[in-house]
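Structure assessment
What follows is the residue order along each chain.
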Amino acid sequence: IISINLSADDLLNDSILALLFENSDLSKRVLIEILVNKSIDYYKVKESIQKLKILGYKICIDDFGAGFSNIDHLLNLPIDYLKLDGSMIKNIHNDKKSHSIIEAITFFFQTNGIEVIAEFVENEEIVEILKGFGIKYGQGYYFDRAKPHDEIFG
């Protein structure tokens, strides 16, 4: 599965939607991560998301807990995944507040059928805490470092 970052505005762009519709045979392998900006036309964005989901695309809110992402986006958009911003994860093993908020957020979203993805997973201690919360997905240097295209694909 690969992730594609799109803004909420991109989900209203006819050219981008046409490209996604034309390539819907790849939808089971694509996770669309929505980068949230401060103004969203929820009705229109929700409509686009629903069309993409019918084609098999999975939808994620990216960088939750930073910038403009907020609970309102999650309550108004039909998402499959929530990606927690690394700023919330990186100190989870040393900071009681981070630990508590991640535990509560994870419980809320899992209870509502939304999978949680953690960014900035840097060590085994963080992995074990996240596993304890039931988080199944993560990204970060613990798993692998970023590599040049040529090194990955030869």
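To be clear, the structure that these remarks concern was listed above.
Our subject in this report is the structure included herewith. The shown structure was predicted, so the numbers you read here are calculated from the model rather than taken from an experiment.

With respect to the side chain of Ser27
Summarising the element assignment, Ser27 is placed in the loop between helix H1 (14-22) and strand S2 (30-35). A polar contact of 2.6 Å, which involves the side chain of Ser27, links it to the backbone oxygen of Leu55. Ser27 has contacts with Leu55, Gly56 and Tyr57, leaving out every residue within four places of it along the chain.

What about the sheet that holds strand S1 (residues 2-7)?
Taken in spatial order, the six strands of this open sheet run S1-S2-S3-S4-S5-S6, and their pairing is parallel. Two strands in the sheet have a free side with no partner beyond their single neighbour: S1 and strand S6 (137-138). Sheet topology note: the strand S4 (residues 81-84)/strand S5 (residues 115-118) ladder contains four bridges and is parallel. When the sheet's bridge partners are listed, Tyr81 is paired in S5 with Glu115.

Describing helix H5 (residues 96-111)
Between its terminal C-alpha atoms H5 stretches 23 Å, which fits the 22 Å expected from 16 residues at 1.5 Å a residue. The set of residues buried in H5 consists of Ser98, Ile102, Ile105, Thr106 and Phe109. Take H5 and look down its axis: the buried residues cluster within an arc of 100°, on one side only. Counted as exposed and oriented over 90 degrees from the buried face of H5: Lys96, Lys97, Phe107 and Thr111. Its side-chain oxygen at 3.0 Å from the backbone nitrogen of Lys97, Asp95 defines the N-terminal cap of H5. Phi turns positive one or two residues past the end of H5, at Gly113, with a value near 75°.

Concerning the nonpolar core
Core analysis: the largest hydrophobic core is formed by 39 residues, its most contacted members being Leu82, Leu84, Ile102 and Leu130. Ignoring sequence-local partners within four residues, the contact set of Leu130 consists of Ile89, Ile92, Ile102, Ala118, Val121 and Ile135.

Considerations on the layout of surface pockets
The calculated volume of the largest pocket comes to roughly 380 Å³. What lines the largest pocket is a set of 17 residues, among which Ile1, Ile2, Ser3, Leu31 and Ile117 lie closest to the centre. For the lining of the largest pocket, the elements supplying multiple residues, two or more each, are S1, S2, S4 and S6. Considered class by class, the residues forming the lining of the largest pocket number seven nonpolar, six polar and four charged. In this structure, the second largest pocket encloses a volume near 230 Å³. Forming the walls of the second largest pocket are Ile1, Ile2, Ile4, Leu6, Ile16, Leu19, Leu20, Asn23, Leu26, Arg29, Val30 and Tyr57. Every element with two or more residues in the lining of the second largest pocket is listed here: S1 and H1. Among the residues forming the lining of the second largest pocket, the class breakdown is ten nonpolar, one polar and one charged.

What counts as what
Residues numbered from 1 in each chain as written. Predicted model: local features only at pLDDT ≥ 70, side-chain atom pairs only at ≥ 80, totals over all residues. Heavy atoms only, no water. Helix = DSSP H or I, 4+ residues; strand = E, 2+ residues; numbered from the N terminus. Polar contact = N/O pair within 3.5 Å; in protein donor to acceptor, adjacent residues only side chain to side chain. Contact = heavy atoms within 4.5 Å. Pairing = 2+ DSSP bridges. Expected span 1.5 Å × (residues − 1). Buried < 20%, exposed > 50% of the residue type's maximum accessible area, 1.4 Å probe, protein only. Arc of directions from axis to C-beta. Core = buried A, V, L, I, M, F, W, Y, C linked by side-chain atoms within 4.5 Å. 1 Å grid on protein atoms, 1.4 Å probe; cavity = no way out; pocket = protein on both sides within 12 Å on 5 of 7 lines; lining within 4 Å. Points joined across faces, edges and corners; volume = space filled by probe spheres on them. Nonpolar A, V, L, I, M, F, W, Y, C, P; charged D, E, K, R; others polar.

Keep in mind that these numbers describe shape and distance, not what the molecule does.
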